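Architecture and fold: a report
Here is how the chains run, residue by residue.
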Amino acid sequence: MRVLITGAGGQLGHDLVDAFGGDQVTALDRSQLDVTEEAAVVAAVRDHAPDLVVHAAAFTKVDACESEPDTAWRVNALGSWWVARACALGDAAMVYLSSDYVFDGRAGRAYTEYDATSPLSIYGRSKEAGEQLVRRTLPRHYIVRTSWVHGAHGGNFVRTMLRLGRERGAVSVVDDQTGSPTFTFDLAPAIRRLAVTARHGTYHLTNGGHCTWFDLAQAAFEEAGVQVDLTATDTASFGAPAPRPAYSVLDNLTARLTGLPPLPPWRASLRRLIAELGAASPANA
Ligand SMILES: NC(=O)c1ccc[n+]([C@@H]2O[C@H](COP(=O)([O-])OP(=O)(O)OC[C@H]3O[C@@H](n4cnc5c(N)ncnc54)[C@H](OP(=O)(O)O)[C@@H]3O)[C@@H](O)[C@H]2O)c1
């Protein structure tokens with residue numbers, strides 16, 4: 001299979017290159033393909049003639065999306081539309097990565113693929129718009145919603161916590177947002193397994209179980225053996241610019257019903273991430 005990966009310099013993009021290692025992969029980071037450049041996207045798909053495009057590029061800084069909304073819409077909505085249009089022209093299938101933040105979190109239970117979306121933030125709205133544009137443009141799509149993404153390559157909550165914990169010895173973390181931490185070394189192979197089914201549609205793919213950000217920070221400090229004075233705070237006191245859902249756990253319903261293997265429990269994969277970070281460089285971990 002010939003595969004083209006956008007956003008290959010990101011957390012997920014990096015591990016997608018490994019997961020599709022048995023395929024003929026073209027991995028393009030932002031410097032090689034800016035997905036907001038329509039002509040460049042069309043040319044990349046035409047020149048590499050992939051069977052599948054895995055579109056992992058996105059503007060993922062949730063708070064920055066509030067202050068830079070045009071960038072959020074340009075990258076997450078329009079950029080995804082350009083990729084879908086190029087796939088339609090080139091007869092390629094496409095994986096579009098989406099987010100738990102397309103939901104408002106008010107259901108108080110895990111969301112299935114059949115629940116209505118209702119994003120709270122510009123980031124969530126722009127990712128939802130990307131979904132809609134991809135669905136309308138290209139029948140052969142896999143829309144993969146995931147959450148709280150962590151990989152060994154790139155910035156994420158766990159790496160930030162470990163750094164702050166070591167630097168300051170005291171950290172305060174919100175305890176009233178619940179979700180499913182998901183790890184790129186599990187998600188990337190799951191995307192490959194999905195992408196060879198030819199069962200196009202919308203899927204939730206996350207690691208098993210759920211927790212709050214506070215729980216995740218606590219578990220990370222335990223696994224890394226870092227002594228930290230950790231205190232719980234709430235969303236209102238923390239005061240982040242972007243509103244976030246209180247409960248955005250994703251039920252992996254369609255994957256389960258169609259027989260795709262579940263991703264491991266989040267805690268086991270957190271352990272693996274911390275081991276990998278430590279092995280890469282103690283300063284990073
Ligand atoms: N991170 C999460 O917690 C999370 C949660 C749910 C869903 N997702 C979705 O999962 C996917 C992968 O996320 P991730 O965590 O791997 O994100 P990431 O590490 O931020 O990677 C995204 C990559 O896209 C690149 N990019 C930004 N604008 C671009 C443009 N105009 N053209 C080409 N590339 C561009 C970024 O480059 P620069 O670094 O140079 O900007 C970055 O390398 C995204 O679709 C994201 O929305 C992420």
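Reading the values: rules and limits
- In this convention, every chain numbers its residues from 1, walking through the sequence in written order.
- Local features are withheld for residues below a pLDDT of 70 in this predicted model, meaning they are given only at 70 or higher, and side-chain atom pairs are given and counted only at 80 or more; totals for whole chains, interfaces and linings count all residues.
- Side-chain numbers come from the whole structure's heavy atoms, not from hydrogens or water.
- Numbering of helices and strands runs from the N terminus; a helix is a DSSP stretch of H or I covering at least four residues, while a strand is a stretch of E covering at least two.
- For a compact globule the rule gives 2.2 Å times the number of residues to the power 0.38, and the radius of gyration it is set against comes from C-alpha atoms.
- Burial classes follow relative accessibility: with a 1.4 Å probe on protein chains only, a residue under 20% of its type's maximum area counts as buried, one over 50% as exposed, and anything between as partly exposed.
- We call two residues contacting when some pair of their heavy atoms lies within 4.5 Å.
- Using the Shrake-Rupley algorithm and a 1.4 Å probe, accessible areas are obtained, with residue cover drawn only from the displayed protein chains.
- Residues scored as charged are limited to Lys and Arg (positive) and Asp and Glu (negative), so that His and the chain ends carry no count.
- The atom standing in for a charge is NZ when the residue is Lys, CZ when it is Arg, CG when it is Asp and CD when it is Glu.
- Nearness is defined per residue: one heavy atom within 4 Å of the molecule or strand is enough.
- Polar contact criterion, stated in full: a pair of N or O atoms within 3.5 Å, where within protein one must be able to donate a hydrogen and the other to accept it, and residues adjacent in sequence count only if both atoms are side-chain atoms.
- Whether two aromatic rings pair depends on their centres lying within 6.5 Å, for rings of Phe, Tyr and Trp, where Trp uses its six-membered ring; planes under 30 degrees apart make the pair stacked, over 60 edge-to-face, and the rest tilted.
- Whether a charge lies above a ring is judged from NZ of Lys or CZ of Arg, which has to be within 6 Å of the ring centre and within 35 degrees of the ring normal.
- Computed over the protein atoms alone on a 1 Å grid, cavities are sets of points where a 1.4 Å probe fits but cannot get out and pockets are open sets with protein on both sides within 12 Å along at least five of seven lines; a residue lines them when it has an atom within 4 Å of a point.
- Grid points are joined across faces, edges and corners, and a volume is the space filled by probe spheres set on the points.
- Any residue with relative accessible area above 30% and no salt bridge may belong to a patch, with like charges joined within 9 Å and the nonpolar Val, Leu, Ile, Met, Phe, Trp and Tyr side chains within 5 Å.
- Salt bridges are defined by distance alone: a side-chain nitrogen of Lys or Arg within 4 Å of a carboxyl oxygen of Asp or Glu.
- Here, expected helix span is obtained from the residue count minus one, scaled by 1.5 Å.
- Paired strands, in this sense, are two strands between which DSSP finds at least two bridges.
- Helix axes use the C-alpha atoms of the stretch in contact, all axes being lines fitted to C-alpha atoms, and the angles between their N-to-C directions lie in the range 0 to 180 degrees.

Assigned secondary structure in the protein consists of 11 helices and 12 strands. Computed over its C-alpha atoms, the radius of gyration of the protein comes to 18 Å, within 12% of the 19 Å expected for a compact globule of 285 residues. With respect to the three principal axes, the spread of C-alpha positions in the protein is 55 × 40 × 40 Å. Burial statistics for the protein: of 285 residues in total, 53% are counted as buried. Pairs at least 24 residues apart make up 80% of the contacts formed inside the protein by residues separated by at least 6 positions. Only carbon and sulfur atoms are counted for the fraction: they give 50% of the accessible area of the protein, which is about 12100 Å². Here the protein contributes 26 positively and 31 negatively charged side chains, and the mean placements of these two sets differ by 3 Å.

So, about the site of the ligand. Inspection of the region around the ligand gives 23 residues, with Leu12, Arg30, Thr60, Tyr123 and Lys127 positioned closest. Contact distances for the ligand include 2.7 Å between an oxygen atom and a side-chain N or O atom of threonine 60. Separating an oxygen atom of the ligand from a backbone N or O atom of leucine 97 is a distance of 3.4 Å. Summarising the interface, the protein chains cover 82% of the accessible area of the ligand, which totals 900 Å² for the free molecule. Counting residues per element, the ones that place at least two in the shell around the ligand are helix 1 (11–19), strand 4 (93–99) and helix 5 (122–137).

With that out of the way, let us pick up the packing of aromatic side chains. Following the criterion strictly, the structure yields six aromatic pairs and no others. Here tryptophan 81 and tryptophan 82 contribute two aromatic rings whose centre-to-centre distance is 5.2 Å and whose plane-to-plane angle is 20°, an arrangement assigned as stacked. Looking at tryptophan 82, the relative accessible area reads 14%, which means it is buried. Relative to phenylalanine 185, the ring of phenylalanine 183 has its centre 5.9 Å away and its plane inclined at 25°; by these criteria the two rings are stacked. Here phenylalanine 183 falls in the buried class, since its relative accessible area comes to 0%. On the basis of relative accessible area, phenylalanine 185 is assigned to the buried category, the value being 9%. Three or more aromatic residues joined by ring pairs form one cluster here, namely Trp148, Phe157 and Trp213. Stacked on the ring of tryptophan 81, the Lys or Arg arginine 85 has its end atom at 5.6 Å from the ring centre. When the ring centre of phenylalanine 185 is taken as reference, the NZ or CZ atom of arginine 272 above it lies at 3.9 Å.

Taken as a whole, the second largest pocket holds about 220 Å³ of empty space. Lining the second largest pocket are 16 residues, with Thr206, Gly208, Asn252, Arg256 and Pro262 sitting closest to its centre.

With that settled, the discussion passes to a negative patch on the surface. Taken together, the side chains of Asp175, Asp176, Asp215 and Asp234 define an acidic patch exposed on the protein surface. Mapped onto the secondary structure, aspartate 175 falls in the loop between strand 7 (170–174) and strand 8 (178–179).

Moving on, we come to helix 8 (residues 213–224). Counted at 1.5 Å a residue, the expected span for helix 8 with its 12 residues is 16 Å, and the 16 Å between its end C-alpha atoms agrees. Looking at helix 8, one finds that the buried residues are Trp213, Phe214, Leu216, Ala217, Ala219, Ala220 and Phe221. Glycine 225, located one to two residues past helix 8, shows a positive phi value of around 65°.

Another aspect to go through is the sheet that holds strand 10 (residues 201–204). Read from one edge to the other, the open sheet built from six strands follows the order 2-1-3-4-5-10, with strand pairing classed as parallel. Either end of the sheet is taken by a strand with one partner, and the two such strands are strand 2 (24–28) and strand 10. Geometrically, the sheet is characterised by an average inter-axis angle of 20° between neighbouring strands, direction not taken into account. In this sheet, strand 4 lies alongside strand 3 (residues 52–55) in parallel orientation, the contact comprising four bridges. Bridge assignment links valine 53 to a residue of strand 4, and that residue is methionine 94. Helix 4 (residues 69–90) contacts strand 3 and strand 4 of the sheet and is inclined by roughly 165° relative to strand 4. Most of the contacts of helix 5 go to strand 4, to which it runs at about 160°, and overall it touches strand 4, strand 5 (141–146) and strand 10.

A large share of strand 1 (residues 2–6) lies buried, amounting to four of its five residues. Across five bridges, strand 1 lies against strand 2 in parallel orientation. In the sheet register, threonine 6 faces strand 2, and the bridge partner there is leucine 28. Here strand 1 runs beside strand 3; their pairing, made up of four bridges, is parallel. Note that in strand 3 the partner of valine 3 across the bridge is leucine 52.

By themselves these figures say nothing about function.
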